[in-house]
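Observations on the three-dimensional arrangement
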Amino acid sequence: MENFSNRLISWQRHYGRHDLPWQQPDAYRVWLSEIMLQQTQVVTVIPYFQKFIACFPTVQDLAGAAEADVMALWAGLGYYARARHLLAAARQVVTIYAGVFPKDPDVLVQLPGIGRSTAGAIAALAYGVRAPILDGNVRRVLIRHQALRMSGRELAEQKQLWALADALTPSKDVAIYTQAMMDLGALVCQRKQPDCSICPIAGDCQSRQRGITDLLPLPANKPVVQRKNLWLVVLMAGDRVWLERRPSRGIWAGLWCFPVCDALPDATQITQLAGGVVVDISTGSAFRHALTHRDLHITPVMVKLSGVSVQTSGWIRLSAVIAQGVPVPVKRIVEEYLHVD
DNA sequence: AATGCGGGGGT
DNA sequence: ACCCCAGCATT
């Protein structure tokens, strides 16, 4: 039997993915896609990637962009610190590295938003530099292949997996190998119902030999998620609504949002928020917005106003709200209650 | 070493 | 309603 990497490389040439929009020898596209793919699946990323490439074809274009435009394009993708780091990194690549992404993963990792795995992916995929990666797919493949009884989330476990990933990474054809590990995890060694019959490394897969593939990786300790009620206050004046920028830290940082209250605001509070005359208040039906660390129950509060000076900068035309860059719950309220897309 | 950060899919 | 997934930065 050929060694681990050769079987994967051969498999990748025949059965791997070759038509993903970022699969060109272009470090900018590889970098952009890898940032978007952090904690995010390929199907979700593709439309965002296409939009970004259309607006910013090169790293220079991105570096010259206004942060507000980048946030607006990123809106809906989540983990918004990624977007701010993306812009900061683009600017550093242009100013420090003359617009050329470094090849050395130890240098790449110093750029904002690039950790060890992303640095390895860029170095390997864009430049063929031998560097290991350890994303969710690779973690699952390694844990199963070696029958490691672990979740892979603990620090010591990650250390062991990194060492393993490093040891298995070949020096030849490293780009194909890296794509193979990603594709195998996505297409064959899926979390549920892996298809071992078509797996190129099933022959020496330890979990398969023991019949425990479905049990690995072990479930992680799940943190308690606290439930929180929020009220999003939709202040309406004519064809405009009031949006304010979220603080630069915390949830939805830097995005435009309806005012957030932790309790149903009474008429007095609403008047303070609004600075006009309240004509009508009604509450919509609550909906759930689940995050990893919070379980938000959100109730829209619709407030019709008169006598407000709409010239102030926070009053946004209804038709322009989505393009402004808003979190998903805001988009949802706009689409559900204000009939605009 | 622990915590915070979005959104989506399946059942 | 519940389950699950997926990297980096900050402190």
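The text that follows walks through the structure, step by step, so that each part is easy to find. Just so it is clear, the structure is predicted and the values come from calculations on it, not from any experiment.

**Some remarks on the overall build of chain A**
If you tally the helices and strands in chain A, you get 15 helices and nine strands. Projected onto its principal axes, the C-alpha coordinates of chain A cover approximately 80 × 50 × 30 Å. The buried share of chain A, taken over its 341 residues, is 50%. Of the contacts made within chain A by residues no fewer than 6 positions apart, 66% connect residues no fewer than 24 positions apart. Only carbon and sulfur atoms are counted for the fraction: they give 51% of the accessible area of chain A, which is about 17000 Å². Computed over 35 positive and 27 negative side-chain charges, the separation of the two mean positions in chain A equals 4 Å.

**Examining the layout of surface pockets**
Taken as a whole, the largest pocket holds about 1800 Å³ of empty space. Along its surface, the largest pocket is lined by 48 residues, and Gln39, Asp135, Gly136, Asn137 and Arg139 are the ones closest to its centre. Put simply, the parts of the chain that give the lining of the largest pocket at least two residues each are helix H3 (42-55), helix H8 (116-127), helix H9 (136-145) and helix H11 (174-188). Residue classes in the lining of the largest pocket are distributed as 21 nonpolar, 15 polar and 12 charged.

**With respect to empty space enclosed by the protein**
Counted by the stated rule, this structure contains two cavities of 30 Å³ or more. The space that makes up the largest cavity amounts to roughly 110 Å³. For the largest cavity, the lining is made up of 16 residues, of which Arg144, Cys189, Cys196, Cys199 and Cys205 are closest to its centre. Of all the elements in the fold, those that place two or more residues in the lining of the largest cavity are H9, H11 and helix H12 (206-210). Counting residues per element, the lining of the largest cavity draws most heavily on H9, at three residues. Taken together, the residues that form the lining of the largest cavity break down as 10 nonpolar, three polar and three charged. Each pocket or cavity is described by its volume, and for the second largest cavity that value is around 60 Å³. Together, Ala131, Pro132, Ile133, Val138, Leu142, Ala165, Thr169, Tyr177, Thr178 and Met181 line the second largest cavity. Mapped by element, the contributors of at least two residues to the lining of the second largest cavity are H9 and H11. Top element by residues in the lining of the second largest cavity is H11. It accounts for three residues.

**Quick look at the protein's contact with DNA strand B**
Taken together, the neighbourhood of DNA strand B is formed by 19 residues, with Tyr80, Leu155, Gly250, Ile251 and Trp252 sitting nearest. Among the atoms of DNA strand B lying within 4 Å of the protein, the sugar-phosphate backbone contributes 60%. Within the side chain of Tyr80, one N or O atom sits 2.2 Å away from a phosphate oxygen of DNA strand B. Between DNA strand B and the protein, one listed contact pairs a phosphate oxygen with a backbone N or O atom of Ile251 at 3.4 Å. In the surface near DNA strand B, the residues fall into 11 nonpolar, eight polar and no charged.

**Considerations on unusual backbone geometry**
Of note, the amide linkage connecting Leu216 to Pro217 takes the cis form, showing an omega dihedral of -10 degrees. Positive phi is not limited to glycine here, since Gln39 has a value of about 60 degrees. Inspection of the secondary structure puts Gln39 in the loop between helix H2 (27-36) and H3. Judged by relative accessible area, which is 66%, Gln39 ranks as exposed. Unlike most non-glycine residues, Ala147 shows phi in positive territory, near 50 degrees. Its location among the elements puts Ala147 in the loop between H9 and helix H10 (155-168). For Ala147, a relative accessible area of 13% translates into the label buried.

**Concerning the protein's contact with DNA strand C**
Near DNA strand C there are 23 residues, and of these Gln39, Gly113, Thr118, Gly136 and Arg191 occur at the shortest range. By atom count, sugar and phosphate contribute 70% of the portion of DNA strand C lying within 4 Å of the protein. In this structure, a sugar or linking oxygen belonging to DNA strand C sits 3.3 Å away from a side-chain N or O atom of Gln39. In this structure, a phosphate oxygen belonging to DNA strand C sits 2.9 Å away from a side-chain N or O atom of Arg249. Taken together, the elements giving at least two residues each to the surface near DNA strand C come down to H8 and H9. Residue contributions to the surface near DNA strand C peak at four residues, all from H9. The residue inventory of the surface near DNA strand C, partitioned by class, reads four nonpolar, 10 polar and nine charged.

What counts, and at which threshold
- Throughout, a residue's number is its position along its own chain's written sequence, starting from 1.
- Ligands are numbered from 1 and chains lettered from A, in the order in which they are written.
- Under the rules for a predicted model, residues below a pLDDT of 70 receive no local features and side-chain atom pairs below 80 are neither given nor counted, while totals for whole chains, interfaces and linings still include all residues.
- Side-chain metrics rest on all non-hydrogen atoms present in the structure, leaving aside hydrogens and water.
- Numbering goes from the N terminus for both helices and strands, where a helix is a DSSP run of H or I of at least four residues and a strand is a run of E of at least two.
- Summary of the burial criterion: residues with accessible area below 20% of their type's maximum are buried, those above 50% are exposed, and those between are partly exposed, where the area comes from a 1.4 Å probe applied to protein chains only.
- Note on contacts: a residue pair qualifies if any of its non-hydrogen atoms lie within 4.5 Å across the two residues.
- Here the open area of atoms and residues is found with the Shrake-Rupley method and a 1.4 Å probe, where only the protein chains shown may cover a residue.
- His is not counted, nor are the chain ends, whereas Lys and Arg count as positive and Asp and Glu as negative.
- The atoms used to mark charge sites are NZ of Lys, CZ of Arg, CG of Asp and CD of Glu.
- Cavity: a set of points on a 1 Å grid over the protein atoms alone where a 1.4 Å probe fits but cannot get out. Pocket: an open set with protein on both sides within 12 Å along at least five of seven lines, its lining residues, like those of a cavity, having an atom within 4 Å of a point.
- Grid points are joined across faces, edges and corners, and a volume is the space filled by probe spheres set on the points.
- By the convention adopted, Pro, Cys, Tyr, Trp, Phe, Met, Ile, Leu, Val and Ala count as nonpolar, Lys, Arg, Asp and Glu as charged, and the other residues, Gly among them, as polar.
- Residues are counted as near a molecule or strand when any one of their heavy atoms sits within 4 Å of it.
- In protein, a polar contact means a hydrogen-donor-capable atom and an acceptor-capable atom, both N or O and within 3.5 Å, with residues adjacent in sequence counting only if both atoms are side-chain atoms; elsewhere, any N or O pair within 3.5 Å suffices.

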